[in-house]
Amino acid sequence: MDVRLRRVEPGDLYYIVELEEKAFGPDAFSLDYLFYLYNRCRDYFFVADYKGLVVGYIVSCREGSQLHVHSVAVVEELRGRGIGRKLLEETIRIARENGLKAVYLEVKTTNTPALRLYEKLGFKRIGVKEKYYNDGSDAYLYALSLEENTPGNLQS
Ligand SMILES: CC(C)(COP(=O)(O)OP(=O)(O)OC[C@H]1O[C@@H](n2cnc3c(N)ncnc32)[C@H](O)[C@@H]1OP(=O)(O)O)[C@@H](O)C(=O)NCCC(=O)NCCS
């Protein structure tokens, strides 16, 4: 599949907000918040572009020596074709290139596709955040160490 990753542009945010709503319902980011992320974190904000359409995105923000993945999603019709993996791998590659020490994220404890994806890429479960989501459900905290021989280590 000819999917190209590129840095986000302001016009993409209108498509991304729709994708957010479809993927996350009441937990979706608002357009205002996406603009905030664009202004603050655009170095780690990428879209997957397929024939000129935004079919996925990932946004992460740097926090000291760590990278926090805020959101990742792929349009439902094109899931299971490696796009989510590609978005995460690019994010990890750039975090490594920039000398960051770890990547971390929260994920719903019931979100099997996402859990599998993160575990496949080497993320380790390091904690639980109770009632993290609007529906009262819990999140697992996952981390990927970018330092040698310290899997999941979040210390800086
Ligand atoms: C999670 C998500 C981004 C994955 O994107 P994707 O493009 O479908 O994933 P990929 O095709 O790159 O899959 C990579 C790996 O993830 C796992 N995976 C993906 N979909 C899966 C599914 N439905 N069931 C089980 N494992 C799955 C597999 O391990 C897969 O590797 P494999 O194909 O070698 O078996 C996508 O399902 C999505 O947008 N979900 C809704 C939004 C969401 O939940 N985001 C994560 C919030 S924490």
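Whatever comes next refers back to the structure up there.
None of the values given here were measured: they were computed from a predicted structure. (Residues numbered from 1 in each chain as written. Predicted model: local features only at pLDDT ≥ 70, side-chain atom pairs only at ≥ 80, totals over all residues. Heavy atoms only, no water.)

S.K.: Would you mind showing me how to read the packing of helix 3 (residues 83-97) against helix 4 (residues 112-120) here?
M.R.: Two elements in contact, helix 3 and helix 4, have axes separated by 11 Å at closest approach and are oriented at 45°. Considering the angle they form, helix 3 stands oblique to helix 4. For the pair helix 3 and helix 4, the sense of crossing is right-handed. Taking contact as the criterion, the partners of Gly84, Arg85 and Leu88 in helix 3 are, on helix 4, Leu117, Tyr118 and Lys120. By residue class, the composition of the contact of helix 3 with helix 4 is three nonpolar, one polar and two charged. (Axes fitted to C-alpha atoms, helices over the stretch in contact; angles between N-to-C directions. Helix = DSSP H or I, 4+ residues; strand = E, 2+ residues; numbered from the N terminus. Parallel < 35°, antiparallel > 145°, perpendicular 65-115°, else oblique. Left-handed = near helix turned anticlockwise from the far one by under 90°. Contact = heavy atoms within 4.5 Å. Nonpolar A, V, L, I, M, F, W, Y, C, P; charged D, E, K, R; others polar.)

S.K.: Before we go on, may I ask you to explain the pattern of salt bridges in this structure?
M.R.: If the charged atoms of two oppositely charged side chains come close together, the side chains can form a pair. Scanning the entire structure with this criterion turns up nine salt bridges. With a closest N to O distance of 3.0 Å, Arg85 and Glu89 form a salt bridge. One end of the pair, Arg85, and the other, Glu89, are both in helix 3, four residues apart, so they sit about a helical turn from each other. A salt bridge links Glu106 to Lys129; its shortest N-O distance comes to 2.8 Å. Here Glu106, found in strand 5 (residues 102-108), pairs with Lys129, found in strand 6 (residues 124-129); they are 23 residues apart in sequence, far enough to count as distant. Residue Lys129 is classed as partly exposed on the basis of its relative accessible area, which comes to 31%. Three or more residues are tied together by salt bridges with common partners; here these are Arg4, Arg6, Glu9, Asp12 and Asp49. (Salt bridge = Lys/Arg side-chain N within 4 Å of Asp/Glu carboxyl O. Buried < 20%, exposed > 50% of the residue type's maximum accessible area, 1.4 Å probe, protein only.)

S.K.: Help me understand the site of the ligand, please; the structure alone is not making it clear to me.
M.R.: With respect to spatial proximity, 21 residues lie near the ligand, and among them Gly80, Gly82, Gly84, Asn111 and Lys120 are the closest. Between an oxygen atom of the ligand and a main-chain N or O atom of Val74, the distance comes to 2.8 Å. Arg81 places a main-chain nitrogen or oxygen 3.0 Å from an oxygen atom of the ligand. Summarising the interface, the protein chains cover 75% of the accessible area of the ligand, which totals 920 Å² for the free molecule. Elements that contribute at least two residues to the shell around the ligand include exactly helix 1 (13-24), strand 4 (66-74), helix 3, strand 5 and helix 4. Considering each element in turn, the shell around the ligand owes the most residues, six residues, to helix 4. Residue composition of the shell around the ligand, by class: eleven nonpolar, four polar and six charged. (Near = heavy atom within 4 Å. Polar contact = N/O pair within 3.5 Å; in protein donor to acceptor, adjacent residues only side chain to side chain. Areas by Shrake-Rupley, 256 points an atom, 1.4 Å probe, with all protein chains shown as cover.)

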